[in-house]
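Letter by letter, the chains look like this.
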Amino acid sequence: MRTLVLLALAGLGAQLVDGSLGMAHGVISTVLLLALGTSPAAASAIVHFAQIGTGLVSGASHARFGNVDWKVVARIGIPGAVGSFLGATVLSRMSTAVAEPVMAVILLALGLYVSYRFTLRGVPRDNLGKPLRKRFLVPLGLVAGFLGATGGGGWGLIGTPALLASGRMEPRKVVGSVDTSKFLVAVSASLGFLLALGSDGVNWSWVLAFLIGGMVIAPVAAWLVRFVAPRILGSVVGGLIVVLNARTLLNSDWVGATTALSTPVYVLLYALWAAALTYSIRAYRQEKAAEEAVEERQPVAA
């Protein structure tokens, strides 16, 4: 029962971050499941089954608050579903000894990308309102869906920063559209895992715990996306992903790091994480100050 309660709370926290930032639900949940001794394929399966429910509730909540671009959902969600089915099939056929460090490498790379993208570059707005083309969205959906299934998370980590980087959509609509299309990806990945692992390969009580926690908080997260500072939250989540997966990789058979090696690595990573967060907070405050200064200089209508 204690494990189920912790999983429900983890699902709540992961969905709160994901619903307000558009990423990290799968990564946070998968890292926790791996720490509990779940195999990589089973962990990804549990997360994707839970995301069917959380994705549906989150998508409906985002739609209610006007955070969804349905053209983008269709153009990224359908190829994403194809990629996620292929990714689930590939991961299910890999041995645990190989899959665990491979997943850690994928998640570590995604964490580094998120940290860099949000800490140093922020959220561009130069091309706001320009249309997003299929030749950009279709490959993005395929890659994000495939890595999301093989890495236990990655749909939002790839899709959200890529759409934000284009500068063509409001951040809240990027988050809402990516979260809404996740439902299609989760259904397809779950089908792939079900065919490869069978129903006995999934701990359904754990799926239910994640599902309940995520569904409870999803409407709140969809509302919060209007107020959250993506740059700061991105630095927080990116650093967390890097630290957790660096630990998995250091303890794996690939590295087998001793305490003498792992300790200075952890110290360095935590120091870089703190520096990135400090930089993000400072940059965000400067951006807000600049925006307020521009508003004050605008003439007031009579």
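Enquirer: Now, about the overall build of the protein: what can you tell me, with residues and values included?
Expert: Secondary structure summary: the protein contains eleven helices and zero strands in total. For the protein, the proportion of its 302 residues judged to be buried stands at 50%. Of the contacts made within the protein by residues no fewer than 6 positions apart, 85% connect residues no fewer than 24 positions apart. Roughly 14,000 Å² of accessible area belongs to the protein as shown, and the carbon and sulfur atoms make up 65% of that amount.

Enquirer: I'd like to hear about a negative patch on the surface, residue by residue, with values.
Expert: Taken together, E291, E292, E295 and E296 make up a surface patch of like negative charges. With respect to the secondary-structure elements, E295 resides in helix α11 (residues 259–297).

Enquirer: Describe the pattern of salt bridges, with residues and values.
Expert: Side chains bearing opposite charge may pair, as long as their charged atoms lie close to each other. This structure, assessed with the given rule, holds one salt bridge. Between D179 and K182 there is a salt bridge whose closest N-O contact spans 3.8 Å. Placement of the pair is D179 and K182 together in helix α8 (residues 171–197), with a separation of three residues, close to one helical turn. You'll find D179 and K182 in the same group, each marked buried.

Enquirer: Can you lay out the side chain of S84 for me, pointing to particular residues and giving the numbers?
Expert: With respect to the element layout, S84 can be found in helix α4 (residues 70–92). Its relative accessible area of 0% is what places S84 among the buried residues. Every residue in contact with S84, bar those within four places of it in the chain, is listed here: G145, F146, A149, V185, S188 and A189.

Enquirer: Please give an account of the environment of V68 that cites residues and values.
Expert: Summarising the element assignment, V68 is placed in the loop between α3 (40–64) and α4. We classify V68 as buried; its relative accessible area is 12%. In this structure, the C-alpha to C-alpha distance between V68 and V178, residues 110 residues apart in sequence, is 8.4 Å. Apart from the residues within four sequence positions on either side, V68 is in contact with G59, H62, A63, V73, G176, S177 and T180.

Enquirer: If you had to explain the packing of helix α10 (residues 230–251) against α11 to someone new, which residues and values would you point to?
Expert: At their nearest, the axes of α10 and α11 sit 8 Å apart, and the two run at 170° to each other. In terms of their interaxial angle, α10 and α11 are classed as roughly antiparallel. Of the residues assigned to the contact of α10 with α11, the class counts are 18 nonpolar, four polar and three charged.

Enquirer: Go over the packing of α3 against α4 with me, naming the residues and quoting the values.
Expert: Viewed as axis vectors pointing N to C, α3 and α4 meet at an angle of 170°, and their least axial separation amounts to 11 Å. With respect to α4, the element α3 is oriented roughly antiparallel. As for the relative orientation of α3 and α4, their crossing is left-handed in sense. When α3 is examined against α4, the residues P40, A41, S44 and A63 are found in contact with a partner set consisting of W70, L91 and S92. Along the lines of polarity and charge, the residues of the contact of α3 with α4 split into five nonpolar, two polar and no charged.

Enquirer: Help me get a handle on the nonpolar core, residues and values and all.
Expert: Within the largest apolar cluster, 46 residues are counted, with the highest numbers of intra-cluster contacts made by L33, I46, V72 and L163. Per-element tally for this core: the top contributor is α3, with seven residues. Counting seven residues, the second largest nonpolar core, distinct from the first, contains A104, L108, A246 and L249.

Enquirer: Tell me about the confidence of the model for the protein, and name the residues and values.
Expert: Of the residues in the protein, 86% reach a pLDDT of 70 or more, and the chain-wide mean stands at 79. The least confident element of the protein, judged by mean pLDDT, is helix α1 (residues 2–21) at 70; the most confident is α4 at 89.

Enquirer: Tell me about the packing of aromatic side chains, and please be specific about residues and values.
Expert: For the structure shown, the criterion picks out two aromatic pairs. Note on F49 and W204: the rings are 4.8 Å apart at their centroids and 65° apart in plane angle, and the pair reads as edge-to-face. Within this pair, whereas F49 is found in helix α3, its partner W204 is found in helix α9 (residues 204–224), the two being separated by 155 residues in sequence. Owing to a relative accessible area of 39%, W204 belongs among the partly exposed residues under this scheme. Measuring from centroid to centroid gives 6.2 Å for Y270 and W273, while their planes differ by 25°, and the two rings are stacked.

Enquirer: Account for a nonpolar patch on the surface, naming residues and giving values.
Expert: A surface patch of nonpolar side chains, about 510 Å² in accessible area, is lined by V82, L86, V90, V138, L142, V143 and F146. For the nonpolar patch, the secondary structure elements donating two or more residues are α4 and α6 (134–150). By residue number, the principal contributor to the nonpolar patch is α6, which donates four residues. Structurally, the position occupied by V90 is in helix α4.

The rules behind each value
- Residues numbered from 1 in each chain as written.
- Predicted model: local features only at pLDDT ≥ 70, side-chain atom pairs only at ≥ 80, totals over all residues.
- Heavy atoms only, no water.
- Helix = DSSP H or I, 4+ residues; strand = E, 2+ residues; numbered from the N terminus.
- Buried < 20%, exposed > 50% of the residue type's maximum accessible area, 1.4 Å probe, protein only.
- Contact = heavy atoms within 4.5 Å.
- Areas by Shrake-Rupley, 256 points an atom, 1.4 Å probe, with all protein chains shown as cover.
- Patch = residues over 30% accessible without salt bridge, like charges linked within 9 Å, V, L, I, M, F, W, Y side chains within 5 Å.
- Salt bridge = Lys/Arg side-chain N within 4 Å of Asp/Glu carboxyl O.
- Lys, Arg positive; Asp, Glu negative; His and termini not counted.
- Charge placed at Lys NZ, Arg CZ, Asp CG, Glu CD.
- Axes fitted to C-alpha atoms, helices over the stretch in contact; angles between N-to-C directions.
- Parallel < 35°, antiparallel > 145°, perpendicular 65-115°, else oblique.
- Nonpolar A, V, L, I, M, F, W, Y, C, P; charged D, E, K, R; others polar.
- Left-handed = near helix turned anticlockwise from the far one by under 90°.
- Core = buried A, V, L, I, M, F, W, Y, C linked by side-chain atoms within 4.5 Å.
- pLDDT = per-residue confidence, 0-100.
- Phe/Tyr/Trp six-rings, centres within 6.5 Å; stacked < 30°, edge-to-face > 60°.

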